[in-house]
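These are the residues of each chain, in order.
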Amino acid sequence: MSLANRPPLDLAVYLVTDSGLVPETSTFLAQIEDALKNGVTLLQLREKTLDTGAFVTRARAVRALAHKYGVPLLINDRIDVALAVDADGVHIGQDDMDPKLARQILGADKYLGVTVHTLADAVRAAEAGANYLGTCAVFDTATKKHKPGFEPLGVAGVRKMLADAAAHPATAGLPFCTIGGLHAGNVGEVLRDSATATKKLDGVAVVSCIMAAADAGEATRELAAAVHAALPVAPAYAADRTRELVDAAASVLAALRDDAVPAPLVHHLTNLVVMNDNANAALHMGGSPVMAHARNEVEAMAGFASALVINVGTLSDDWVESMIAAGKTANARGTPVVLDPVGAGATPYRLAVCRRLLAEVKFAVIKGNAGEIAALADVQGVSVEQRGVDSGAVAGGEATSVALAAALAKATGAAVAMSGATDYIAYHHSGSTTVVAVDNGTPWLSKITGTGCTTATLTGCFAGVLPAAKAALDQRNVPAHLAAALGGILAMCIAGELAVKDAKGPASFKVALFDAMYHLAPADLVKRARVRVLEA
């Protein structure tokens, strides 16, 4: 398993367990499940007195609960236990194992969190491969014994650590949380007052305010509400290009969610298998779908649409002529056009149609799987098996995937979104190519038909509302079509992650997926996106 297949790391509401605090009216697992149901985003199992066998047994039970709700489980200190139960990672302190050795033992497929007291601690942890950092206690607390002479950081100390971390390249981009004496009554003040112009906390860790609560669910809801009210929708800083890109995608989603912005009319020439799903997805995302294929009306429809989505899944000669006519009309109006070249390499007819479309229509975004992108990019020495509309694996791994997406982006001028276990988005502009890897998603998305086609619809919604987000995109220097492609991919992947906890099988997952699309907020993209900028 890779990090791409683990629940996403979200520090916002971070629960650290303590079995000694559980009220007599509850149980340890009941407290945890009530917390998971009501807003905990990250869970750490801390057991300082259990022997190894009992610890492993408890960790298995807690991992099952955490994954039921799509939340990562970290183990405090005990790497052996984390490996034994395939937990999602470990958290270590300054008195525990060296972080570099911890990362070597864990491998690259588990999260590593480290408690830090100083900038030197933080830099050492970052260079060892930590995924996040936690400050030492901000306030006095009875849940952890400190060495004699230890003084809590206080809010001013946390603020200084964040300012120092923002100024160092090794730590500028790492998320931070704090812990110690925190509860719903003070987390808002801590989050607001510790933020600097260049860095802020990404969440808070708590113990007793949930584990000792008579009603853990209510305590978690109150804490989560206070945290999310104080955490800004977008980070107050842009430590690197990835944050700017995610912020840009989130700003486009904010425009889609803004009642003052007219819903973009997204004209579809899409396939018969997914037509209803595409229409509902557009509605849920804030768009207004229209499905119009007739040659006699496509030019008129494309003449006032906000975006056009062309999907070649169920082809006929008549539909191809409609696609060409609609595409040319959209191009003449400056309307963004999205292409989903379904099964492009499966038959000579499909490939010929896709190549004709590329020759006669200018596309803003091309969204396809690896087999489809490989067929269109036609990179010498690279081929990907196309099984009907499904794609085989890419030989050569990430480097080959990047080369394929970048080649098609350069050849077409479109933002190319290539879907897979990791999604790759390439955009060529002013002589240089940007490639973004998205590690979000869930294997459940492959268990229902049409999620790739629906991603093209979501991309069309993002593309259709770009004028309303222009100021935000210009501020971040993010090309509009790259933001639309990234937004569509992130929206599908993160909605899938959010839907998993309600899935009992593929059918219930599909219902939960569309509900998650409907409720998806800009903050979800900012908090949950796992994005990397790669060399093309």
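Model, not experiment: these values are computed from the prediction.

Visitor: Help me understand the confidence of the model for the protein, please; the structure alone is not making it clear to me.
Guide: Parts of the model with low pLDDT should not have their predicted coordinates read in detail. When the pLDDT values of the protein are averaged, the result is 90; 93% of them are 70 or greater. Low pLDDT (under 50) marks residues 233-239, which in the prediction has 23 contacts with non-local residues, meaning those over four places away or in another chain.

Visitor: What should I look at first to understand the side chain of asparagine 311 in this one?
Guide: Within the fold, asparagine 311 resides in strand β11 (residues 307-311). Among the polar contacts listed, one links the side chain of asparagine 311 to the side chain of asparagine 271, at a separation of 2.9 Å. Those residues in contact with asparagine 311 that lie beyond four places of it in its chain are Leu269, Thr270, Asn271, Met323, Asp340, Val342 and Cys453.

Visitor: Just to check I follow, could you spell out the pairing of strand β4 (residues 89-92) for this structure?
Guide: Taken residue by residue, a regular strand's side chains alternate between the two faces of the sheet. Residues Gly89 and His91 line one face of β4 and the alternating positions Val90 and Ile92 line the opposite face, and both faces are buried. By the bridge criterion, three bridges tie strand β3 (residues 73-76) to β4 in an arrangement that is parallel. Paired with isoleucine 75 across the bridge in β4 is valine 90. One crossover worth recording links β3 to the parallel β4 by way of helix α3 (residues 79-85), and it is right-handed. In this structure, β4 lies alongside strand β5 (residues 111-116), joined through four bridges in parallel fashion. When the sheet's bridge partners are listed, glycine 89 is paired in β5 with tyrosine 111. What joins β4 to β5 is helix α4 (residues 99-106), and the crossover it makes is right-handed.

Visitor: It is not clear to me how the pattern of salt bridges should be interpreted in this structure. Could you clarify?
Guide: Two side chains that carry opposite charge are able to pair once their charged atoms sit near each other. What the rule picks out here adds up to 22 salt bridges. The partner of arginine 221 in a salt bridge is glutamate 218, and the shortest N-O contact between them spans 2.6 Å. With a gap of three residues between them, arginine 221 and glutamate 218 both fall in helix α9 (residues 216-230), about one helical turn apart. For glutamate 218, a relative accessible area of 30% corresponds to the partly exposed category. The shortest N-O distance in the salt bridge between arginine 528 and glutamate 497 comes to 3.9 Å. Highlighted residues: arginine 528 in helix α21 (residues 522-528) and glutamate 497 in helix α19 (residues 480-499), separated in sequence by 31 residues. On the basis of relative accessible area, arginine 528 is assigned to the buried category, the value being 11%. The class for glutamate 497 is buried, based on a relative accessible area of 7%.

Visitor: What is the right way to look at empty space enclosed by the protein in this model?
Guide: Sizing a probe to match a water molecule and rolling it over the atoms shows the empty space that remains. If you walk through the whole model with that rule in mind, you get one cavity of 30 Å³ or more. The computed volume of the largest cavity comes to approximately 40 Å³. As for the largest cavity, its lining consists of Asp277, Ile448, Thr449, Gly450, Thr451, Thr454, Met492, Lys510, Leu513 and Phe514. Of all the elements in the fold, those that place two or more residues in the lining of the largest cavity are α17 (451-464) and α20 (506-519).

Visitor: Any chance you could explain the sheet that holds strand β18 (residues 432-438) here in plain terms?
Guide: The pairing of strands in a sheet comes from backbone hydrogen bonds and takes either a parallel or an antiparallel form. With respect to topology, nine strands assemble into an open sheet ordered β10-β9-β11-β12-β13-β16-β17-β18-β19, the strand pairing being mixed. Edge positions in the sheet fall to β10 (288-291) and β19 (531-534), since each has one partner strand and no second. Taken pair by pair, the neighbouring strands of this sheet meet at an average axis angle of 20 degrees, ignoring direction. Pairing analysis gives seven bridges linking strand β17 (residues 423-429) to β18, with the strands arranged antiparallel. Bridge pairing links tyrosine 424 to alanine 437 in β18.

Visitor: Can you help me understand the state of the cysteines in this one?
Guide: Where two cysteines share a covalent bond between their sulfur atoms, that bond is called a disulfide. This structure, assessed with the given rule, holds zero disulfides. With no disulfide partner, cysteine 177 has as its closest neighbouring cysteine sulfur the one in cysteine 136, 12 Å distant. Note on cysteine 209: no disulfide assigned, nearest cysteine sulfur contributed by cysteine 177 at a separation of 14 Å.

Visitor: Help me out: how do you make sense of the packing of helix α6 (residues 154-166) against helix α7 (residues 187-194) in this one?
Guide: Two numbers describe a pair of packed helices, the interaxial angle and the distance between the axes. It is at 9 Å that the axes of α6 and α7 come closest, and there the two elements cross at 40 degrees. Between α6 and α7, the angle falls in the class oblique. In this structure, α6 crosses over α7, and the sense of that crossing is right-handed. In contact with Val155, Val158, Arg159 and Leu162 of α6, α7 contributes Val190, Asp193 and Ser194. Class assignment of the residues belonging to the contact of α6 with α7 gives a composition of four nonpolar, one polar and two charged.

Visitor: It is not clear to me how the environment of glycine 464 should be interpreted in this structure. Could you clarify?
Guide: Along the chain, glycine 464 falls in helix α17. On the basis of relative accessible area, glycine 464 is assigned to the buried category, the value being 12%. Between the alpha carbons of glycine 464 and glycine 287 there is a distance of 8.2 Å; along the sequence they are 177 residues apart. Ignoring sequence-local partners within four residues, the contact set of glycine 464 consists of Pro264, Ser306 and Ala307.

Visitor: Just to check I follow, could you spell out the packing of aromatic side chains for this structure?
Guide: Each aromatic ring pair is specified by the distance between its two centres and by the angle formed by the two planes. One pass over the structure, following the stated rule, counts two aromatic pairs. For the pair tyrosine 14 and tyrosine 132, a centre-to-centre distance of 5.9 Å together with 75 degrees between the ring planes defines the contact as edge-to-face. Here the residue tyrosine 14 occupies a position in strand β1 (residues 13-16), and tyrosine 132 occupies one in strand β6 (residues 132-135), the gap between them amounting to 118 residues. By the burial criterion, tyrosine 14 is buried, and tyrosine 132 matches it. Seen from the ring of phenylalanine 28, arginine 58 lies directly overhead, with NZ or CZ sitting 4.3 Å from the centre. One residue, lysine 447, lies across the ring of tryptophan 444, its end atom 6.0 Å from the ring centre.

The rules we used
All chains use their own residue numbering, which begins from 1 and follows the written sequence. Per-residue local features are limited, in this predicted model, to residues with pLDDT of at least 70; the limit for side-chain atom pairs, both in listing and counting, is 80 or more; totals at the level of whole chains, interfaces and linings are taken over all residues. Hydrogens are left out, water is left out, and the side-chain values use all remaining heavy atoms of the structure. pLDDT measures how confident the predictor is about each residue, on a scale from 0 to 100. In what follows, a contact means two residues having at least one pair of non-hydrogen atoms within 4.5 Å. Helix and strand assignments come from DSSP, with helices taken as H or I runs of at least 4 residues and strands as E runs of at least 2, each series counted from the N terminus. A 3.5 Å cut-off defines polar contacts: any pair of N or O atoms within that distance qualifies, except that in protein one atom must be a possible hydrogen donor and the other a possible acceptor, and neighbouring residues in sequence count only when both atoms are side-chain atoms. Remark: exposure states derive from per-residue accessible area (1.4 Å probe, protein chains only) relative to the maximum for the residue type, with buried under 20%, exposed over 50%, and partly exposed in between. At least two DSSP bridges between two strands are required for those strands to pair. Consider the strands pointing away from the viewer: the crossover is right-handed when the path from the first strand over the helix to the second runs clockwise. Salt bridge criterion: a side-chain nitrogen from Lys or Arg within 4 Å of a carboxyl oxygen from Asp or Glu. Using only the protein atoms, space was sampled on a 1 Å grid; points where a 1.4 Å probe fits but cannot get out form cavities, open sets with protein on both sides within 12 Å along at least five of seven lines form pockets, and lining residues are those with an atom within 4 Å of a point. Grid points are joined across faces, edges and corners, and a volume is the space filled by probe spheres set on the points. Every axis in this analysis is a line fitted to C-alpha atoms, fitted for helices over the stretch in contact. Angles between the N-to-C directions lie between 0 and 180 degrees. The disulfide definition used here is simple: a pair of cysteine sulfur atoms within 2.5 Å. When describing relative orientation, an angle under 35 degrees is termed roughly parallel and one over 145 degrees roughly antiparallel, while 65 to 115 degrees is termed roughly perpendicular and anything else oblique. Working rule for handedness: look at the near helix, and if it is turned counterclockwise from the far one by less than a right angle, call the crossing left-handed; if clockwise, right-handed. Note that Gly is not counted as nonpolar here; it falls among the polar residues with everything else outside the nonpolar set of Ala, Val, Leu, Ile, Met, Phe, Trp, Tyr, Cys and Pro and the charged set of Asp, Glu, Lys and Arg. The rule is short: rings of Phe, Tyr and Trp, with Trp giving its six-membered ring, pair when the centres are within 6.5 Å, and they are stacked under 30 degrees, edge-to-face over 60, tilted in between. Distance and angle both matter: a charge sits over a ring if NZ of Lys or CZ of Arg is within 6 Å of the ring centre and within 35 degrees of the ring normal.

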